[in-house]
Amino acid sequence: LRPLARLFFFDRLPFCTNMSDASAPRRLFLKAQCPFCAKVVAFIGAAGLADKVTLETDSEENREYIQKVAGKVGFPALETEPDKVMLESTDIIDFLAKESDVDTEKLPLYDFLMEGVLKNYSILSRHVREREGAEAYLAIIKAGRGETGRGGK
């Protein structure tokens, strides 16, 4: 794994490729390069809750499932019980923290990310959207993903 993946404890989080694995912990659906997904994974790693979730990667099958049970597709998404998915990163963190009796204010790595990298990302994103518009914002996101032109890769 890349060093950043180790920082976010990806090497300790189980990945699930079979959606019918009933013995697995709660499923956490993630999308590559999603800052809100990174926020949830940072919390899980810092809180030592890796055994509470099984990661599901973005796939057509998972998108269809999320759409079916949540009414829309969004990432991250936490399956809180069969056929029930929570979509907002802050709600997911609050849910897991409450369920596991974790005080997020006592997690220095998580706090560092929230008050540093992700806070700056949010400020920059808002600034670009307000000043340059949604199209310019999406162009920056696509460029960051290595996509070119309107059609992407």
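The rules we used
Residues numbered from 1 in each chain as written. Predicted model: local features only at pLDDT ≥ 70, side-chain atom pairs only at ≥ 80, totals over all residues. Heavy atoms only, no water. Helix = DSSP H or I, 4+ residues; strand = E, 2+ residues; numbered from the N terminus. Expected span 1.5 Å × (residues − 1). Buried < 20%, exposed > 50% of the residue type's maximum accessible area, 1.4 Å probe, protein only. Arc of directions from axis to C-beta. Core = buried A, V, L, I, M, F, W, Y, C linked by side-chain atoms within 4.5 Å. Contact = heavy atoms within 4.5 Å. Axes fitted to C-alpha atoms, helices over the stretch in contact; angles between N-to-C directions. Parallel < 35°, antiparallel > 145°, perpendicular 65-115°, else oblique. Left-handed = near helix turned anticlockwise from the far one by under 90°. Nonpolar A, V, L, I, M, F, W, Y, C, P; charged D, E, K, R; others polar.

Undergrad: Looking at this model, I keep getting lost on helix 6 (residues 117–132). Mind explaining?
TA: The α-helix advances 3.6 residues per turn, and as a result positions three or four apart in sequence lie on the same side. If you check helix 6, its first and last C-alpha atoms are 22 Å apart, about what 16 residues at 1.5 Å a residue would give, namely 22 Å. Within helix 6 the residues assigned to the buried category are Leu118, Ser125 and Val128. When helix 6 is viewed along its axis, its buried side chains cluster within an angular range of 90° and face the same direction. For helix 6, the exposed residues lying more than 90 degrees away from the buried face are Glu130 and Arg131. Remark: Gly133 follows helix 6 within two positions and exhibits a positive phi of approximately 95°.

Undergrad: What exactly am I supposed to notice about the nonpolar core here?
TA: Grouped burial of nonpolar side chains is what soluble globular proteins tend to show. Core analysis: the largest hydrophobic core is formed by 31 residues, its most contacted members being Leu28, Phe43, Ile44, Leu49, Leu96 and Val102. Elements that contribute at least two residues to this core include exactly strand 1 (26–30), helix 2 (35–47), strand 2 (53–57), helix 3 (60–70), strand 3 (77–81), helix 4 (89–100) and helix 5 (108–115). When residues in this core are grouped by element, the largest group, seven residues, is from helix 2. Among all residues touching Val102, those that are not within four sequence positions of it are Phe43, Ala47, Leu49, Ala97 and Leu107.

Undergrad: Please explain unusual backbone geometry as it appears in this structure.
TA: Peptide bonds are trans in most cases, and residues, glycine excluded, mostly fall at negative phi. Omega for the peptide link from Phe75 to Pro76 comes to 0°, which places this bond in the cis form. Mapped onto the fold, Pro76 is located in the loop between helix 3 and strand 3. A positive phi angle is found at Asp101, which is not glycine, with a value near 55°. Tracing the backbone shows Asp101 in the loop between helix 4 and helix 5. Take Asp101: its relative accessible area is 73%, and that puts it in the exposed class.

Undergrad: Any chance you could explain the packing of helix 2 against helix 5 here in plain terms?
TA: A pair of packed helices is captured by two measures, namely the crossing angle of their axes and the spacing between those axes. Where helix 2 meets helix 5, the closest approach of the two axes is 8 Å, and the angle between their N-to-C directions is 160°. Taken as axis vectors, helix 2 and helix 5 run roughly antiparallel relative to one another. Considering the relative orientation of helix 2 and helix 5, their crossing is right-handed. Counted together, Lys39, Ala42, Phe43 and Ala46 of helix 2 and Leu109, Tyr110, Leu113 and Met114 of helix 5 form the full contact between these two elements. Classifying every residue of the contact of helix 2 with helix 5 by side-chain character gives seven nonpolar, no polar and one charged.

These results come straight from atomic positions and should not be treated as a statement about function.
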